[in-house]
Amino acid sequence: METVMETQCPFCSVQCKMQVIEKKESGLKTYKVLPKQNAASEGRLCIKGMNAYQHALSGERITTPLIKKDGVFMPATWEEAYALIATEFSRIQSEFGRDAIGVYGGGSLTNETSYLLGKFARVALQTKYIDYNGRFCMSAAATAGNKAFGIDRGLTNPLPEVRQSDCLILAGTNIAECQPTLMPYFTDAKKNGAYIIVIDPRNTLTAELADLHLKVKPGMDAALANGLLKVIIDGGYADELFLEKRTNGFEEVKAHIDTLDLAKLASITGVPAEDIQEAGKRFGKAASGMILTARGVEQQTDGYMAVRNFINILLVTGKIGKVGSGYGAVTGQANGQGGREHGQKADQLPGYRSIENLEDRAYIAGVWGVEPDDLPGKGVSAYEMMEKVHEREICTLFLMGSNPIVSNPNANFVEEGLRKLDFLVVADMLMSETAQMADVILPTSSYLENEGTLTNLEGRVLLREAARPVPGFVKQDWEVLSGVAELLEKGSYFSYSSAEHIFEELRVASRGGLADYYGITYDRLRKEEGVYWPCPSIDHPGEKRLFETSFAHSDGKAALIPVDNHFPKEQTSEEFSLYLTTGRVLGHYLTGVQTRKSPTLEARQFESFIEIHPKTARKLNIRDETLVKVKSRRGEIVVRSKLTASIREDTVFVPMHWSGIQNINKLTNEELDPTCKMPGFKVCAVSVTPLLT
Ligand SMILES: Nc1nc2c(c(=O)[nH]1)N[C@H]1C(S)=C(S)[C@@H](COP(=O)(O)OP(=O)(O)OC[C@H]3O[C@@H](n4cnc5c(=O)[nH]c(N)nc54)[C@H](O)[C@@H]3O)O[C@H]1N2
Ligand SMILES: Nc1nc2c(c(=O)[nH]1)N[C@H]1C(S)=C(S)[C@@H](COP(=O)(O)OP(=O)(O)OC[C@H]3O[C@@H](n4cnc5c(=O)[nH]c(N)nc54)[C@H](O)[C@@H]3O)O[C@H]1N2
Ligand code: SF4
Ligand SMILES: [Mo]
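If you're wondering where the values come from, they're calculated on a predicted model, not measured in any experiment.

*Asks:* In this structure, what is going on with the packing of aromatic side chains? I would like to understand it.
*Replies:* Within a pair of aromatic rings, the relevant descriptors are the distance that separates the centres and the angle that separates the planes. By the definition in use, this model includes 16 aromatic pairs. A ring pair is formed by Phe89 and Phe423, whose centres lie 6.2 Å apart and whose planes are at 90°; its orientation type is edge-to-face. Here Phe423 lies in strand S17 (residues 423-428) and Phe89 lies in helix H3 (residues 78-96), a separation of 334 residues in the sequence. Accessibility expressed as a relative area gives 0% for Phe89, which makes it buried. Arranged with centres 6.4 Å apart and planes meeting at 80°, the rings of Phe120 and Phe494 form a pair that is edge-to-face. Within this pair, whereas Phe120 is found in helix H4 (residues 111-125), its partner Phe494 is found in the loop between helix H19 (477-487) and helix H20 (499-510), the two being separated by 374 residues in sequence. Through successive ring pairs, a cluster of aromatic residues spans Phe89, Phe120, Phe398, Phe423 and Phe494.

*Asks:* Just to check I follow, could you spell out a nonpolar patch on the surface for this structure?
*Replies:* On the surface, Leu627, Leu691 and Leu692 cluster together into a nonpolar patch covering about 290 Å² of accessible area. Counting through the fold element by element, Leu691 comes out in the segment after strand S28 (684-690). Leu691 gets classed as partly exposed once you look at its relative accessible area, which sits at 38%.

*Asks:* What am I meant to see in helix H15 (residues 358-368) here?
*Replies:* Note: α-helices contain 3.6 residues per turn, so residues at a spacing of three or four share the same orientation. Restricting attention to buried positions, one finds in H15 the residues Asp360, Arg361, Ile364, Ala365 and Trp368. Viewed end-on, H15 has its buried residues packed into an arc of 130°, placing them on one side of the element. Those residues of H15 that are exposed and aimed more than 90 degrees away from the buried face are Leu358, Glu359 and Gly366. Packing partners of the buried residues in H15 comprise H4, strand S14 (348-349), strand S15 (353-354) and H20. Remark: Gly369 follows H15 within two positions and exhibits a positive phi of approximately 70°.

*Asks:* Would you take a moment to explain the site of ligand 3 for this structure?
*Replies:* In the vicinity of ligand 3, the contacting residues are Cys9, Phe11, Cys12, Gln15, Cys16, Leu45, Cys46, Lys48, Gly49, Pro180 and Thr181. In this structure, ligand 3 is accommodated by the second largest cavity. Of the residues that constitute the shell around ligand 3, the class distribution is seven nonpolar, three polar and one charged.

*Asks:* Please explain the sheet that holds strand S6 (residues 101-105) as it appears in this structure.
*Replies:* In sheet architecture, strand pairing relies on hydrogen bonds along the backbone and comes in two forms, parallel and antiparallel. Pairing is mixed across the open sheet formed by seven strands, whose spatial order is S5-S4-S18-S17-S16-S6-S7. Each edge of the sheet is formed by a strand with only one pairing partner; in this case those strands are strand S5 (72-75) and strand S7 (130-132). Ignoring strand direction, the axes of neighbouring strands in this sheet form an average angle of 20°. Of the pairings in the sheet, the one linking strand S4 (residues 66-69) to strand S18 (residues 440-443) comprises two bridges and is antiparallel in character. Counted as the bridge partner of Leu66 is Ile441 from S18.

Procedures and definitions
- Residues numbered from 1 in each chain as written.
- Chains lettered and ligands numbered in written order.
- Predicted model: local features only at pLDDT ≥ 70, side-chain atom pairs only at ≥ 80, totals over all residues.
- Heavy atoms only, no water.
- Phe/Tyr/Trp six-rings, centres within 6.5 Å; stacked < 30°, edge-to-face > 60°.
- Helix = DSSP H or I, 4+ residues; strand = E, 2+ residues; numbered from the N terminus.
- Buried < 20%, exposed > 50% of the residue type's maximum accessible area, 1.4 Å probe, protein only.
- Patch = residues over 30% accessible without salt bridge, like charges linked within 9 Å, V, L, I, M, F, W, Y side chains within 5 Å.
- Areas by Shrake-Rupley, 256 points an atom, 1.4 Å probe, with all protein chains shown as cover.
- Salt bridge = Lys/Arg side-chain N within 4 Å of Asp/Glu carboxyl O.
- Arc of directions from axis to C-beta.
- Contact = heavy atoms within 4.5 Å.
- Near = heavy atom within 4 Å.
- 1 Å grid on protein atoms, 1.4 Å probe; cavity = no way out; pocket = protein on both sides within 12 Å on 5 of 7 lines; lining within 4 Å.
- Sits in = over half its atoms within 2 Å of the grid points.
- Nonpolar A, V, L, I, M, F, W, Y, C, P; charged D, E, K, R; others polar.
- Pairing = 2+ DSSP bridges.
- Axes fitted to C-alpha atoms, helices over the stretch in contact; angles between N-to-C directions.

Here you go:
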């Protein structure tokens, strides 16, 4: 017997559509996965998508609520789990106040769940403390988009326009491993004559595509963008008419750039001046151009300003709001885009509304049927919540869709904090490292069982229908939130019958907001295979290309801002003589909870590694494929060496997908970007020594 499951990959922001085909023969089940035509991946699927059925169907799924008794998880009924949660939550809030409970979400959750999690925090718990893992992912680019353009939608142009672009700058983005099904857009652009510039301390598979690779020193992108701006402005490539009509702030940027010296910029960024010249000229001269940034530029303590400086380049050259010209923050998680729009951020209400704006509060209070004054105020960012946990200002956490003891910077500190909690509730489908620390685990559905909408990296809202029934006693995330709310005597605000029912409320809540979904319905999504936001009315087609005639600020203009050369605070020293940068590999996803449960993916790569230049390795007496100790001021780990000349000599790279003794976040720095609160995951100082000498 054959069962065909129509679904969508749960991993990255491309959201490739696929079929998982289950065949039952004499009691034996086999699986086949076929890619499906869809606008973003054009029918392609990568190795993670091909194997994503393995963790969802694995015997390791949690299928019943678990309550920890004397350190051991015991199966429980939902009634028992809900009752325990309601008792503890009520006790803690009456003893320590409403804000003693924190809520922590994730960018894999559907729009419906993200929306409901925000409502759950503000209405059921009335706590101000809610934030999510997207803080570590999209916060720098989101803040930059909002401040420069007045709106934050990852890609300002639809993907096919990449093929029509004459010059592409890919800064700190490794598309070949992180959004592999998008690669043909870039290889086609190259065939069409585009000039491709890659900015990365490593010669990645993406950099292989480049006509020019700027092998920047980690953390020095803002200065490098200043160099490009200098070449562009001094070379006369500025688009005076565009600057005059469509932007504010160019004079200040020009005055700042005039004070900078290209040779100095070359020396601090580690990129030869001729290469900066060539890159600036190429981009300046091109008839059209796009700049894409991802976490390499953004996960820095100046991530927000570094992105602003790349946006400055687009604005100075007038390359935005046109075919083949625009900006792209390459979004990370499955719903990294939608997840940042509907209220799981500390300062946000649905539709990208602000929790500090009186009109926005009144509007959402109206939709929710509560008094505006009953809505709590702004909380703090994800890592700052962990600091509050340490200080015991937050003594209980409700966690849905994240694995913070592996993904937060300074992970030893975070783990220590979580151990101090009075009560930890984790809603997950698998036993993550953080779930192991919980008092109660609530088993939730995987993508195969979960209906809802996700907004892909283009800002296109997609419907993912449920493809199979939930296993065991598993519930949907939204059912869990409704269930807990019910016992907290707030059930009347959470009486939904389906994900679509929640979406209908989300549409109204987002109406008139920056991320306006009002015109989008499940019916439309089925018929049109996705709709771009903003989409203010049912007859609106959805906006594919943004900023053609105006930006989203009240005067219609985009904002330029001078950006200082930033130096990461933690520099190398005699003891910690190398820069550590971190990131991803093709076959694993984030903290690896899901991909490490896939035998196929796990077999490809079952342990972490450190990329180190052969010359550096020789100096440190490190041979290839041997275990080494990597140490920073905060912790140490053990990984296997991988000697490669593709990385800068002063830099090492370790992926983020492993935990325990290989958890790279035991080493990373807790310092945050002052504006968007993004941690500086992409640079800290470390020492590397052979484990055995
Ligand atoms: N295979 C796979 N794909 C994924 C994910 C995954 O875990 N695995 N995760 C998804 C998610 S949530 C995200 S956020 C995206 C991330 O997608 P990316 O941001 O593309 O991935 P990273 O590997 O974190 O970083 C990109 C590149 O930045 C470079 N880099 C490091 N430091 C610097 C620097 O100072 N400056 C510059 N210019 N570059 C630097 C790294 O060498 C790396 O090649 O991927 C998504 N897709
Ligand atoms: N050093 C370093 N650290 C980093 C980064 C880096 O580049 N370097 N990148 C950062 C980035 S960009 C990101 S996005 C974060 C990610 O960090 P995390 O969010 O902690 O990573 P995940 O592995 O996605 O954890 C998600 C958990 O949610 C569960 N889950 C998945 N889908 C669902 C669902 O629908 N419902 C529920 N209830 N649970 C679900 C999974 O089983 C898993 O346990 O890590 C950040 N940390
Ligand atoms: S991981 Fe991303 S590119 Fe790969 S199949 Fe899934 S959605 Fe597509
Ligand atoms: Mo991410």
